[in-house]
Amino acid sequence: HQSLCSCLCPLRVVKFRRTGESSRSDEDGVSGEHEIQIEGVRTELEPVELEDGAPVPKEFANPTDDTFMVEDAVEAIGFGKFQWKLSIITGLAWASNYAMEMMILSILAPQLHCEWRLPSWQVALLTSVVFVGMMSSSTLWGNISDQYGRKTGLKISVLWTLYYGILSGFAPVYSWILVLRGLVGFGIGGVPQSVTLYAEFLPMKARAKCILLIEVFWAIGTVFEVLLAVLVMPTLGWRWLLILSALPLLLFAVLCFWLPESARYDVLSGNQEKAIATLKRIATENGAPMPLGKLITSRQEDRGKMRDLFTPHFRWTTLLLWFIWFSNAFSYYGLVLLTTEFFQAGDVCSISSRRKEVTAKCSLTCEYLTEEDYTDLLWTTLSEFPGVLVTLWIIDRIGRKKTMALSFLVFSFCSLLLFLCVGRNVLTVLLFIARAFISGGFQAAYVYTPEVYPTATRALGLGTCSGMARVGALITPFIAQVMLESSVYVTLVVYSGCCLLAAVASCFLPIETKGRGLQESSHKEWGQEMVGRGSHSPPGVTSSNSGSQE
């Protein structure tokens, strides 16, 4: 059929760069240009040019046995209606399952402190238990997503969070709500896998921008939660707030039926027909043609194994990323806690004297949140937008590694400036800048991590990094609150020093993922595919050319 078609109706040859190719190919003088035949376009073949301007020989302009990978198809189809829908659904998961459930901690703790007359350590434990749940489950959700599919892991985690989120509203005593909120945290640990699924459907040029813009949905979720609290808390109380906050998860659970499984995962798990059907669906929704040829299959049974994160190719990347994610959460949540302390004192230099003057008070003393408190929560959330915009502007210009390093350096510099006895206005500006850059750096890590790991371990890699971030979030209260009582300067040195080390770690990451496609499998297996394929492509797939001819 294809031979007859090529005689009667010549097809256009579309040239595009195989984005998955490593940068070494260009340095070695190997062209990154590959050809994919597009169905139904009648035009004469024209010679194309290589990167260095040399014309492509005629015998290569119309290959007789075209093959393509999922990466090639995603790039050829491009960004369209399908990705817009996926962006909204992923954003809904981020807003409802992550932002709202995290924001509610700031509202629930002081309310229960007063209503149930809880001592301070029990109030703090309400927040800590959520982070413990997230820390303990992040790696598990990553493993499930690599073994059984991204969609499967995401659906289970969302339904888990929905179930225990609603049950939290019926908790009769403190011990019950402590257990239930811990289980909610266990479910929230699977939310980062929405980024894994999202990234695997995005073309290279749009990937960084789209993942960064997920931060917008975080802001929307937190603002919505605060507004919901303003309306619900005075009349219906915290129980209804917990129940109503979980309901948006029900909407996402319904929309999950529309979500397709990742075509990259289907190829790696051997479901070639399902992967082709998914790619055809995307092409149809985007109004773009499908590449002709055979989809390369790359079945890999051994997926989602922790040892794969510590192969010689990824060992240093994994260790450095763990420290970077730890530093991000440690610094971000530490700054949130320090902001309240600094504002209450008026300036940094007043904290030590204020600590000495404060008389001992009962740990049961409590204050309900006021309208002014809710307003401050809103402003704190909105302050992150500038950081996202700056990161959005620089991440594709200077690269992922330098973006993370710059974010850490700016945060560290602002922390050191707090050593000066600045006034309230300057203090606000410094905290605003520090918060903007550390949040932008956090998002840059969310861009880099799915890009650097291959499909076989991508979800696990992101999950373990997310788990290390929760370790940082657990430790930071002891620095931002306990250590601050002893010395504000030592506290600032700890945060500044941690971020300086994280900036160095970012620079020492072995791989820069800017301009590089998502890898399919481990580096050592790529040579096996090249034997069967005979073309230059990125390391990462053990494959055969068996597949349906489109």
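About the criteria used
- Residues numbered from 1 in each chain as written.
- Predicted model: local features only at pLDDT ≥ 70, side-chain atom pairs only at ≥ 80, totals over all residues.
- Heavy atoms only, no water.
- pLDDT = per-residue confidence, 0-100.
- Contact = heavy atoms within 4.5 Å.
- Salt bridge = Lys/Arg side-chain N within 4 Å of Asp/Glu carboxyl O.
- Buried < 20%, exposed > 50% of the residue type's maximum accessible area, 1.4 Å probe, protein only.
- Helix = DSSP H or I, 4+ residues; strand = E, 2+ residues; numbered from the N terminus.
- Expected span 1.5 Å × (residues − 1).

1. With respect to the confidence of the model for the chain
Part 1 of the reasoning: Chain-level pLDDT for the chain is 74 on average; 73% of the residues reach the 70-or-more range.
Part 2 of the reasoning: This stretch, residues 523–550, has a pLDDT under 50; its non-local contacts, to residues over four places away or in other chains, come to 81 contacts.

2. Some words on the pattern of salt bridges
Part 1 of the reasoning: One pass over the structure, following the stated rule, counts nine salt bridges.
Part 2 of the reasoning: Ionic pairing is found between Asp146 and Arg150, a salt bridge with its closest N-O pair at 2.8 Å.
Part 3 of the reasoning: With a relative accessible area of 0%, Asp146 lands in the buried category.
Part 4 of the reasoning: Of the charged contacts, one joins Glu200 and Arg458 as a salt bridge, the two residues approaching to 2.4 Å between their closest N and O atoms. Here the residue Glu200 occupies a position in the loop between helix H9 (193–199) and helix H10 (204–232), and Arg458 occupies one in helix H20 (residues 458–486), the gap between them amounting to 258 residues.
Part 5 of the reasoning: For Glu200, a relative accessible area of 1% corresponds to the buried category.
Part 6 of the reasoning: A residue is classified by how much of its surface remains accessible, and Arg458, at 0% relative accessible area, is buried.
Part 7 of the reasoning: Connected through salt bridges with shared partners, the residues Arg207, Lys209, Asp396, Arg400 and Glu451 form a single ionic network.

3. Digging into the environment of Ile243
Part 1 of the reasoning: With respect to the secondary-structure elements, Ile243 resides in helix H11 (residues 238–255).
Part 2 of the reasoning: For Ile243, a relative accessible area of 13% translates into the label buried.
Part 3 of the reasoning: Considering only alpha carbons, one finds Ile243 and Ile166, 77 residues apart in sequence, at a separation of 4.8 Å.
Part 4 of the reasoning: Excluding its chain neighbours within four sequence positions, the residues that come into contact with Ile243 are Ile166, Gly169 and Phe170.

4. A few points about helix H8 (residues 174–188)
Part 1 of the reasoning: The end-to-end C-alpha distance of H8, which contains 15 residues, comes to 21 Å, matching closely the 21 Å that a straight helix rising 1.5 Å per residue would cover.
Part 2 of the reasoning: The set of residues buried in H8 consists of Tyr174, Ile177, Leu178, Leu180, Arg181, Gly182, Val184, Gly185, Gly187 and Ile188.

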